[in-house]
Amino acid sequence: MSPKPVPEIDPGRMGDPALRPIAAKVARGERLTASDGATLFRSPDLLGVGSLADAANRGRHGRRVYFAANQHINPTNVCILRKTCVFCSYARLPKESGAYRYTMDQVYAEAAANPYVREFHIVGGLDMQAGLEYYREMFAGLKQRHPQVHIKALTAVEIAHIARIEKMPVEQVLTELRAAGLDTLPGGGAEVFSKGVRATIADRKLAAEDWINVHRIAHSLGIRSNATMLYGHVESIEDRMEHLQLLRDLQDETGGFLTYIPLAYHPDHNELGVTLGRTGTATTGHDDLRNLAVARLFLDNFAHVKTHWIMVTQFISQIALTFGVNDLEGTVVREKIYHEAGAHTPQGLALDDVLKLIRGAGRIPVERDALYNVIRTFERDAAAA
Ligand code: V47
Ligand code: SF4
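A brief structural summary. All residue numbers here refer to positions counted from 1 along the written sequence of the relevant chain. Written order determines the labels here, with chains lettered from A and ligands numbered from 1. pLDDT decides what is reported in this predicted model: residues at 70 or higher carry local features, side-chain atom pairs at 80 or more are listed and counted, and totals for whole chains, interfaces and linings draw on all residues regardless. Hydrogens and water molecules were not included; the side-chain quantities draw on all heavy atoms of the structure.

**Quick look at the overall build of the protein**
Helix and strand counts for the protein stand at 16 helices and 10 strands. Principal-axis analysis of the C-alpha atoms places the extent of the protein at approximately 60 × 50 × 40 Å. Exposure is judged per residue with a 1.4 Å probe applied to protein chains only, and the accessible area is read against the type maximum: over 50% gives exposed, under 20% gives buried, and values in between give partly exposed. Considering the protein as a whole, with its 385 residues, one finds that 61% of them fall into the buried category. In the protein, the proportion of contacts linking residues at least 24 apart, taken out of those at least 6 apart, comes to 74%. Accessible surface, the protein: about 14900 Å² in total, of which carbon and sulfur atoms supply 54%. For the purposes of this entry, the term helix denotes a DSSP run of H or I that reaches at least four residues, the term strand denotes a run of E that reaches at least two, and both are numbered from the N terminus. The contact rule is simple, with two residues in contact once any of their heavy atoms fall within 4.5 Å. Surface exposure here means Shrake-Rupley accessible area, sampled with a 1.4 Å probe, where a residue is shielded only by the protein chains that are shown.

**Observations regarding the packing of aromatic side chains**
Any Phe, Tyr or Trp ring, taking Trp's six-membered ring, that has another such ring centre within 6.5 Å forms a pair; planes under 30 degrees apart are called stacked, those over 60 apart edge-to-face, and the others tilted. Per the counting criterion, the structure on display carries nine aromatic pairs. Judged by centre distance (5.0 Å) and plane angle (85°), the rings of Y134 and Y135 are edge-to-face. Y135 shares its class with Y134; the two are buried. Arranged with centres 5.2 Å apart and planes meeting at 20°, the rings of F257 and F302 form a pair that is stacked.

**With respect to the packing of helix α7 (residues 170–180) against helix α9 (residues 208–220)**
Angles shown run from 0 to 180 degrees and are taken between the N-to-C directions of axes, each axis being a line fitted to C-alpha atoms and, for helices, limited to the stretch in contact. Between α7 and α9, the shortest axis-to-axis distance is 10 Å and the interhelical angle comes to 50°. Taken together, the axes of α7 and α9 lie oblique to each other. The handedness of the crossing between α7 and α9 comes out as right-handed. When α7 is examined against α9, the residues V170, E171 and L174 are found in contact with a partner set consisting of V214, I217 and A218. Think of it as three bins: nonpolar holds Ala, Val, Leu, Ile, Met, Phe, Trp, Tyr, Cys and Pro, charged holds Asp, Glu, Lys and Arg, and polar takes everything else, Gly as well. Tallied by class, the residues present in the contact of α7 with α9 amount to five nonpolar, no polar and one charged. Roughly parallel here means an angle under 35 degrees, roughly antiparallel means over 145, roughly perpendicular means 65 to 115, and every remaining angle is called oblique. By the definition used in this description, the sense in which the near helix is turned from the far one sets the handedness, with an anticlockwise turn below a right angle giving left-handed and a clockwise turn giving right-handed.

**Thoughts on the site of ligand 2**
What surrounds ligand 2 is the set C79, L81, C85, F87, C88, A91, G125 and K205. When grouped by side-chain class, the residues that make up the shell around ligand 2 number six nonpolar, one polar and one charged. Summary of the distance rule: residues count as near a molecule or strand when at least one heavy atom falls within 4 Å of that molecule or strand.

**Describing the nonpolar core**
The criterion is simple. A nonpolar core is a set of buried Ala, Val, Leu, Ile, Met, Phe, Trp, Tyr and Cys residues joined through side-chain atoms within 4.5 Å. Core analysis: the biggest nonpolar cluster contains 120 residues, and F139, L174 and W211 have the highest contact counts within it. Broken down by element, the residue count for this core peaks at seven residues, all from helix α12 (residues 285–298). Discounting chain neighbours no more than four positions away, the residues touching W211 are A156, V157, G187, G188, G189, A190, F193, L206, N226, A227, L247 and F257.

**Focus on the sheet that holds strand β4 (residues 150–153)**
One open sheet holds the three strands; their spatial order is β2-β3-β4, and the pairing between them is parallel. On the outer flanks of this sheet lie β2 (70–73) and β4, each paired with one strand and no other. Going from strand to strand, the sheet's axes swing by 20° on average, the running direction of each strand aside. Note on pairing: DSSP must find at least two bridges between two strands before they are called paired. Looking at chain direction, strand β3 (residues 119–122) and β4 are connected through four bridges and run parallel. Counterpart to E119 in the pairing with β4 is H150. Along the sheet, helix α4 (residues 104–111) makes contact with β2 and β3, crossing β2 at roughly 155°. Against the sheet, helix α5 (residues 132–145) makes contact with β3 and β4, and its axis sits at roughly 155° relative to β4, the strand it touches most.

**With respect to the side chain of N74**
Mapped onto the secondary structure, N74 falls in the loop between β2 and α4. N or O atoms within 3.5 Å of each other form a polar contact, as long as, within protein, one can give a hydrogen and the other can take it, and as long as residues adjacent in sequence are counted only when both atoms are side-chain atoms. Of the polar contacts made by the side chain of N74, one reaches the backbone oxygen of V123; its length is 3.0 Å.

**Details of the pairing of strand β7 (residues 304–307)**
Side chains of β7 alternate between two faces, with H304 and K306 and V305 and T307 buried alike. As defined by bridge partners, strand β6 (residues 257–264) adjoins β7 across two bridges and the pair is classed as parallel. Within the sheet, the bridge partner assigned to Y260 lies in β7 and is V305. Bridge analysis of β7 against strand β8 (residues 327–328) gives two bridges, and the strand direction is parallel. Within β8, the position partnered with K306 by the bridge is D327.

Right under this line is the structure:
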């Protein structure tokens, strides 16, 4: 996939002169450089950046906005990196108060709570007691009970952890988990790839090149995956662009990424929030929208850019639908990770609320499956399109 020309863009109308050469490239369908991306991040003309991203997005997806009926399940919060991922509010040491690890029955009971769900999104801590067998049994049991539900599970960091504790190559772990029912990998654990930032916020976590390599191996096995970036803490604009460049390069090589999701850092109940003196203050609406818009313009080989309403609120997510976003994190049931870190959003949205949100932005809701096959388009809107 390469950038498409967007003839409706008139570069001469950009309010910020620095945006005009970039607008001309987007209009011609020319790839942006990392330096263009930095200019987009720094431009005072947020609406100009958003209008470019919106035009690029509509050129691909028209007025369609995807969502999936998914359910988050976090089977264990026990994590060996509890002390070194200083942005994380969710992890616990094994004997710490609040530590938990679900039994299979607990996983199956949580999974049975919502019969409408079509995707389980399963991520957790790096737990020494949750190895290959734990997840193999979990996925096989889930597939047996819910054969129609897609399993998107285990970040690259968790896959590498299982490989380490089982003393197995990553390829074998992925192959065995796929045989048990794993369909795709979520995009978490990427944080920010820059060495300096990783040393500051996630020392001892899987290195950038290893995160990328797990996804490369997954793609080579035909396992699609997502990509994320955790923004809004100590990273610079150059760090953000280095991160996006590495993702774009891997996508050029494999084409295996489905969607990109920027994750807004939440500072409550974690060490980094205290160090930054930011407890209670998450990212700004400007930065949330800009991260999405720049991603839409720079990641020209990603088909989808997703807004995570749990992290940035339904209100910002709705506006994001005119800032380059074509996908909305769906009806998430009982989200835990960001609520531990201070998210004040609801823990789930009902289908009607999702439809209202998308329609309110003048867009057409399209329910998708995990691989972006259309399940149904909401015809009332399609007829009016
Ligand atoms: O890797 C942890 C992030 C990620 C905080 O693939 C935090 O569709 C903000 O993988 N503030 C895990 N973020 C979540 C994840 C994900 C989420 C949504 C969609 C998809 C997808 C994947 O959560 C972690 C980390 O980057 N995280 N703590 C925090 N305090
Ligand atoms: Fe563990 Fe993930 Fe939290 Fe890091 S972000 S401490 S790896 S659960």
